[in-house]
Amino acid sequence: MRDLAHVASDREIARILNRLKLKTGKDNTWTEGRVRTLRNYQDIPAYSPQEQARTGWLNMAQAAEYLGISPMSVRRLLSAGIIPGKQIVPSAPWIIRKEDLDTEEVKSAVSAIKAGRRSPLPEDPHQIKLDFPSM
């Protein structure tokens, strides 16, 4: 919850928790009010766009807009480890520090994407390789 509050409102956090089929301690679904109550109890600050801009946390869509590429390209760069990011639990939104998008490795990968050159995906050890004789 603490990490999600960097990039999501209480309503969005409730949606995420319900989509993940997570329940409250009393086995209830999450509502905006329940998220707010837990956040206040745990002394977690509420989401604020101004605070998000000050601390530099971005979600995947915001990172894509900042880099000028698609969210799918950002997802691939996250999967390849080129962009460092946090995903609290599987299927939760990615949380990315804006400063991590300004590295040379990220700039190079983004330039390749914009130029139409695809970055090679990480090699899959389970992939069968076909060797064809050269002609």
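Quick caveat: nothing in here was measured; it's all calculated off a predicted structure. (Residues numbered from 1 in each chain as written. Predicted model: local features only at pLDDT ≥ 70, side-chain atom pairs only at ≥ 80, totals over all residues. Heavy atoms only, no water.)

Caption draft 1: Structural view of unusual backbone geometry. With a phi close to 60°, K21 is a non-glycine residue in the positive phi region. Inspection of the secondary structure puts K21 in the loop between helix 1 (10-19) and helix 2 (32-41). Residue K21 is classed as exposed on the basis of its relative accessible area, which comes to 70%. Positioned with a positive phi, D27 is a non-glycine residue whose angle comes to about 65°. Note that D27 resides in the loop between helix 1 and helix 2. Among the residues examined, D27 registers a relative accessible area of 56% and is labelled exposed. (Helix = DSSP H or I, 4+ residues; strand = E, 2+ residues; numbered from the N terminus. Buried < 20%, exposed > 50% of the residue type's maximum accessible area, 1.4 Å probe, protein only.)

Caption draft 2: Structural detail: the nonpolar core. Counting residues in hydrophobic clusters, the biggest one holds 17 residues, and the most contacted among them are L67, V74, L77, L78, I83, I96 and L101. It is helix 4 (residues 60-67) that provides the largest number of residues to this core, a total of four residues. Counting residues in each nonpolar core, the second largest holds 10 residues, with L4, A5, I16 and W30 among its members. (Core = buried A, V, L, I, M, F, W, Y, C linked by side-chain atoms within 4.5 Å.)

Caption draft 3: Focus on the packing of helix 1 against helix 2. Viewed as axis vectors pointing N to C, helix 1 and helix 2 meet at an angle of 105°, and their least axial separation amounts to 8 Å. Taken together, helix 1 and helix 2 sit at an angle that is classed as roughly perpendicular. Together, D10, R11, I13, A14 and L17 of helix 1 and E32, V35, R36 and R39 of helix 2 make up the contact between the two elements. Tallied by class, the residues present in the contact of helix 1 with helix 2 amount to four nonpolar, no polar and five charged. (Axes fitted to C-alpha atoms, helices over the stretch in contact; angles between N-to-C directions. Parallel < 35°, antiparallel > 145°, perpendicular 65-115°, else oblique. Contact = heavy atoms within 4.5 Å. Nonpolar A, V, L, I, M, F, W, Y, C, P; charged D, E, K, R; others polar.)

Caption draft 4: Highlighting the pattern of salt bridges. The tally for this structure, following the rule as stated, stands at five salt bridges. The residue R36 makes a salt bridge to E32 at a minimum N-O spacing of 3.9 Å. Taken together, the residues R36 and E32, both in helix 2 and four residues apart, mark about one turn of the helix. A salt bridge links E51 to R54; the shortest N-O distance between them is 2.5 Å. Of the two residues, E51 and R54 are both situated in helix 3 (residues 49-55); the distance of three residues between them amounts to about one turn of the helix. (Salt bridge = Lys/Arg side-chain N within 4 Å of Asp/Glu carboxyl O.)

Caption draft 5: Broad picture of the side chain of Q52. As for its placement among the helices and strands, Q52 is situated in helix 3. Using a relative accessible area of 7% as the deciding quantity, one classes Q52 as buried. A distance of 2.7 Å separates a polar atom in the side chain of Q52 from a polar atom in the side chain of Y47. Not counting the four nearest positions on each side in its chain, Q52 is found in contact with H6, V7, Y47, W57, L58, N59 and Q62. (Polar contact = N/O pair within 3.5 Å; in protein donor to acceptor, adjacent residues only side chain to side chain.)

Caption draft 6: Broad picture of the packing of helix 4 against helix 5 (residues 71-79). Packing of helix 4 against helix 5 leaves a shortest axis separation of 8 Å and a crossing angle of 105°. When the axis of helix 4 is compared with that of helix 5, the two are roughly perpendicular. Taking contact as the criterion, the partners of M60, A63, A64 and L67 in helix 4 are, on helix 5, P71, V74, R75 and L78. Class assignment of the residues belonging to the contact of helix 4 with helix 5 gives a composition of seven nonpolar, no polar and one charged.

Caption draft 7: Here's a closer look at helix 5. Taken residue by residue, helix 5 has S73, V74, L77 and L78 as its buried positions. On an axial view of helix 5, the arc spanned by its buried residues comes to 140°, and they lie on one face. Of the surrounding elements, those touching the buried residues of helix 5 are helix 4, strand 3 (94-97) and helix 6 (104-114). Among the residues trailing helix 5, G81 stands out with phi positive, at a value near 80°. (Arc of directions from axis to C-beta.)

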